[in-house]
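Residue-level listing of the chains:
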Amino acid sequence: MHGSAHGPDLLTPLGSASSDSPAPAAGQDSVRVSVLVETPQHSGLLGPLDYLATQAWPPGTLVRVPLGRRVVTGLVWAAAADATLADAQLKPIVEVLADLPALPEPWLKLIRFAAGYYQRSLGEMAMMVLPPELRQVDATQWARRLKRMNKALGLEEAERAKQPPVEVPWPEPTPEQTQVLAEVNARWLALGTAAATPPSVSLLWGSTGSGKTEVYLRLAREALARGQQVLIMVPEINLTPQLEARVAERFADRHVVSLHSGLTPAQRLRHWTMAHLGQADIVLGTRLAVFTPLPRLGLIVVDEEHDPSYKQQDGARYSARDLAVYRGHQEGAAVILGSATPSLETWHNALPVAEGGAGRYQRLLMPSRVGQGHMPKVRLFDLSQQAKPGPGQEAPALAKPLLEAIAERIERGEQSLVLLNRRGYAPVLHCSDCGWKSGCPHCSAWRVFHKVDRTLRCHHCGFTERVPRACPDCGNQDIAPVGRGTERLEEQLAEALPGARVGRIDADVTKHKGALEEKLASVHAGEVDVLVGTQMVAKGHDFRRITLVAAANPDAALFASDFRAAERQFALLLQAAGRAGRDAGVAGHSEMWVQTWHPAHPLYQALSRYDFESFARQQLQEREQAGLPPYAHLAMLRAEAKTQAAAQAFLDQAAQAVEAHAAQLGGILLYPPVPTAVQKVANVERAQMLIEAEMRPALLRLLQAATQPWLALAQKNRPNGLIRWAVDVDPLSI
Ligand code: ADP
Ligand code: ZN
Ligand code: ZN
């Protein structure tokens, strides 16, 4: 692993040819330290580089070191050194960010684990998770920044001392909450005492609105009372402000900081530093927050643990949920995974052995909604019962009985939510004369028609053009939208429900900062009767007046090739249903409508009974038969190239390079390379090769051994058009 700085393919850090820097004076810089610098996996440099220092700085110290012609920030990794290099071949460290305490040992372990598990270089992993600002400052700038941050904190505290925050009352826990708290505590308290600490991971499986957040808050309070720090993760940045307000109110006398990509670089640095220095008590953040150094970590909460946002989709493709579990184990912290629809991996881990599960996690149950709230009654509306549209006519967006049900709500002053997971006006424009369709010239995908600004936009590469007046191929003036996105649904509902106030929330109308909050506020204020939205609105929001939720067109997921499509759709629909009936006054008559051609489908049948357990059982059976996670372990080797042939050639060679080793390890299957679902994006061809293993250790061993040969193969294939390649361990979709 250690950075040999030799070899043709490797970055030459600063070998003997370093005539531009003075040789270290004898006796001065005489201690060797190895330092991680930001080096992408593909540079071939996987480990740390050696430098000279005046003293043996402890691992985790941030330093500035020369690299090529630049001076960059690095992280002291170990005192050990590459003995093949003579002192004279090494450069001295430029300076040390001495007043930043070294990153703690468990943090270094987390980086080592994540880099090894997700097949990235140590330097990339370590540097990627540090605040960008921290990587840019020199020692003097850092000292100044730190002083300023401490001053700001001092002022805040003085302010607080002058005007003590108002304590808000905590609600009495419900019987279910009381039970759950007792069960967690029983395990949690055992954590500290046992010599070999068992991992304390609990799955809090509770309906939406069952009071899970309240449980997190109570557990956080207990951790804080013990002098520990708490990390709370949410899947989406959109959900942080709501939770942040709730947490800040409860813990008004504590320091609560957030960490997500929406912060300014300065805020992020400040919050991270407060966490690392132990000044912040609670850190609330999205997936990147899992890497926050927390010297007194006692509790990690992963809310909506099933959410795909926890998996990073480019670069180092880590799963923040899985790393949270690892971290909890390493640092003796309790981990709470919360969800109404757990991921099947987590579910399997929490299922007792007697029920066919792994029995690894504690399973906690909160089936009821708090107060008088009820989950809405599910109505599966069979689309085949609808009158067929006439020739050349389109079926209406919502069936007549559903429209009537919405109209009734409007009369009563209640709200409805219509879910359609496709933004834009129509997914494609079509010429009925010659058959032209609005394809993207750069991708193997259609361009979506957006009526507001009359554009055709590619949702893959972003390529945007004005809508042509006539068919570009035959001149026909009559090109028509096919299908329906949220924009069109909004328009059609406004037509079908005269006088109704129809609103829309999707990525298009919430691009600007603050736009989502504004939209949500108007829904909460009752200024919208019918809200049209994508999955964005299904998650987390506490709408009080919604009594009807409808899924306009959810069938596609039933037949998707992705093995997780059903699991995701079930979660989304259940989550959406959870937006209705949250208020006792209206809960009694709330409904969830599902428009479908397949009302008998097991997914919908389970949904209509809110029976996650049977849905999970049936899905797990299928997964077991098909050899899919959690019964098998997957890695995807992905390649991007100028041609499909070049992408596949690299994958073929990559497979050949490890075939023998795979056979020797056993239980490993290398699938033939195939084009990805969207094969071409922005003129780049994509292909992938699936690796399936019965045992995780074998998979990881294979990947570890493959790194160097694959790097070499990539170099060789570059002249043939290979652009990028990456390994995705535990891929979300295949
Ligand atoms: P979840 O996170 O499971 O969706 P929340 O914790 O947000 O549920 O609780 C749902 C609603 O019930 C919130 O408005 C919350 O304030 C309220 N609530 C939760 N627990 C209690 C309780 N013990 N007593 C009264 N209200 C509660
Ligand atoms: Zn045409
Ligand atoms: Zn495109």
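The structure this text deals with has already been given above.
Residues numbered from 1 in each chain as written. Chains lettered and ligands numbered in written order. Predicted model: local features only at pLDDT ≥ 70, side-chain atom pairs only at ≥ 80, totals over all residues. Heavy atoms only, no water.

Caption draft 1: Summary view of the pairing of strand β9 (residues 282-285). Alternating positions in β9 separate into two faces, Ile 282 and Leu 284 on one and Val 283 and Gly 285 on the other, with burial throughout. Where strand β7 (residues 229-233) and β9 come together, 4 bridges link them in parallel fashion. Along β9, the bridge assignment pairs Ile 232 with Leu 284. Across 4 bridges, the pairing between strand β8 (residues 256-259) and β9 is parallel. Following the sheet pairing, Ser 258 is matched in β9 by Leu 284. (Buried < 20%, exposed > 50% of the residue type's maximum accessible area, 1.4 Å probe, protein only. Helix = DSSP H or I, 4+ residues; strand = E, 2+ residues; numbered from the N terminus. Pairing = 2+ DSSP bridges.)

Caption draft 2: Layout of the coordination of the zinc ion (ligand 3). Only Cys 440 (SG), Cys 443 (SG), Cys 458 (SG) and Cys 461 (SG) from the protein reach the zinc ion (ligand 3) as donors, at distances of 2.2 to 2.3 Å. Angles of 105 to 112° at the metal separate the 4 donor atoms of the zinc ion (ligand 3), which places the site in the tetrahedral class. Each donor residue of the zinc ion (ligand 3) belongs to the same chain, with the gaps between them written as C-x2-C-x14-C-x2-C. Of the two residues, Cys 440 and Cys 443, both sit in the buried class. (Donors = N, O, S within 2.8 Å, 3.2 Å for Na, K, Ca; no water. Tetrahedral: all angles 85-135°; square planar, octahedral: opposite > 155°, others 65-115°.)

Caption draft 3: Just the site of ligand 1, in detail. By nearness alone, 17 residues border ligand 1, and Glu 172, Gln 177, Gly 209, Lys 212 and Thr 213 come closest of all. At a separation of 3.0 Å, an oxygen atom of ligand 1 approaches a polar backbone atom of Gly 211. Arg 246 places a side-chain nitrogen or oxygen 3.0 Å from an oxygen atom of ligand 1. Within the complex, 74% of the 550 Å² of free accessible area of ligand 1 lies under protein. (Near = heavy atom within 4 Å. Polar contact = N/O pair within 3.5 Å; in protein donor to acceptor, adjacent residues only side chain to side chain. Areas by Shrake-Rupley, 256 points an atom, 1.4 Å probe, with all protein chains shown as cover.)

Caption draft 4: Local environment of the sheet that holds β9. One open sheet holds the 7 strands; their spatial order is β8-β9-β7-β10-β11-β6-β12, and the pairing between them is parallel. A strand with exactly one partner marks an edge of an open sheet, and here the two such strands are β8 and β12 (362-366). The average angle at which neighbouring strand axes cross in this sheet is 20°, direction not considered. Pairing analysis gives 5 bridges linking strand β10 (residues 297-303) to strand β11 (residues 334-339), with the strands arranged parallel. By the bridge assignment for β11, Val 302 is matched with Leu 337. Taken strand by strand, helix α8 (residues 265-276) contacts β7, β8 and β9, and its axis lies near 125° from that of β8. (Axes fitted to C-alpha atoms, helices over the stretch in contact; angles between N-to-C directions. Contact = heavy atoms within 4.5 Å.)

Caption draft 5: Highlighting the sheet that holds strand β13 (residues 377-382). Taken in spatial order, the 6 strands of this open sheet run β13-β23-β22-β14-β21-β20, and their pairing is parallel. A strand with exactly one partner marks an edge of an open sheet, and here the two such strands are β13 and β20 (502-505). Averaged over all neighbouring strand pairs, the angle between strand axes comes to 20°, with direction disregarded. Relative to strand β21 (residues 530-533), β20 is paired through 4 bridges, and the arrangement is parallel. For Val 502, the partnering residue across the bridge sits in β21 and is Val 530. Along the sheet face, helix α12 (residues 486-496) touches β14 (415-419), β20 and β21 and points at about 170° away from the line of β20. Contacts from helix α13 (residues 515-524) reach β14, β20 and β21, with the element oriented near 145° to β20.

Caption draft 6: Region of the structure containing the layout of surface pockets. Taken as a whole, the second largest pocket holds about 1100 Å³ of empty space. Of all the elements, helix α9 (residues 320-331) adds the most residues to the lining of the second largest pocket, at 6 residues. For the lining of the second largest pocket, the per-class residue count stands at 21 nonpolar, 9 polar and 12 charged. (1 Å grid on protein atoms, 1.4 Å probe; cavity = no way out; pocket = protein on both sides within 12 Å on 5 of 7 lines; lining within 4 Å. Points joined across faces, edges and corners; volume = space filled by probe spheres on them. Nonpolar A, V, L, I, M, F, W, Y, C, P; charged D, E, K, R; others polar.)

Caption draft 7: Structural view of the coordination of the zinc ion (ligand 2). Taken together, Cys 431 (SG), Cys 434 (SG), Cys 471 (SG) and Cys 474 (SG) make up the full set of protein donors to the zinc ion (ligand 2), lying 2.2 to 2.3 Å away. Classification of the site at the zinc ion (ligand 2) as tetrahedral follows from its 4 donor atoms and the range of 104 to 114° in their angles at the metal. Motif for the zinc ion (ligand 2), donor spacing along one chain: C-x2-C-x36-C-x2-C. Placement of Cys 434 in the loop between β15 (428-431) and β16 (448-450) and of Cys 471 in the loop between β18 (464-466) and β19 (479-482) is noted, with a sequence separation of 37 residues between them. We classify Cys 434 as partly exposed; its relative accessible area is 37%.

Caption draft 8: Inspection of the packing of helix α14 (residues 565-577) against helix α17 (residues 612-626) at higher detail. Two elements in contact, α14 and α17, have axes separated by 11 Å at closest approach and are oriented at 170°. Classified by the angle their axes make, α14 and α17 are roughly antiparallel. Contacts between α14 and α17 pair Ala 566, Glu 567 and Phe 570 from the former with Phe 612, Phe 615, Gln 619 and Arg 623 from the latter. Considering only residue class, the contact of α14 with α17 consists of 4 nonpolar, 1 polar and 2 charged. (Parallel < 35°, antiparallel > 145°, perpendicular 65-115°, else oblique.)

Caption draft 9: Up close: the pattern of salt bridges. Counting across every chain of the model gives 36 salt bridges. The partner of Arg 457 in a salt bridge is Asp 453, with the nearest N and O atoms 3.1 Å apart. Assessed through its relative accessible area of 15%, Arg 457 is described here as buried. By relative accessible area, Asp 453 is classed as partly exposed at 32%. For Arg 501, the salt bridge identified is with Asp 529, shortest N-O distance 2.9 Å. Taken as a pair, Arg 501 in the loop between α12 and β20 and Asp 529 in the loop between α13 and β21 lie far apart in primary sequence, 28 residues in all. Look at Arg 501 and you get partly exposed, because its relative accessible area is 40%. Taking relative accessible area as the criterion, Asp 529 reaches 9% and is therefore assigned buried. The structure contains a network of salt bridges with shared partners spanning Arg 379, Glu 408, Arg 409, Arg 412, Glu 414 and Glu 591. (Salt bridge = Lys/Arg side-chain N within 4 Å of Asp/Glu carboxyl O.)

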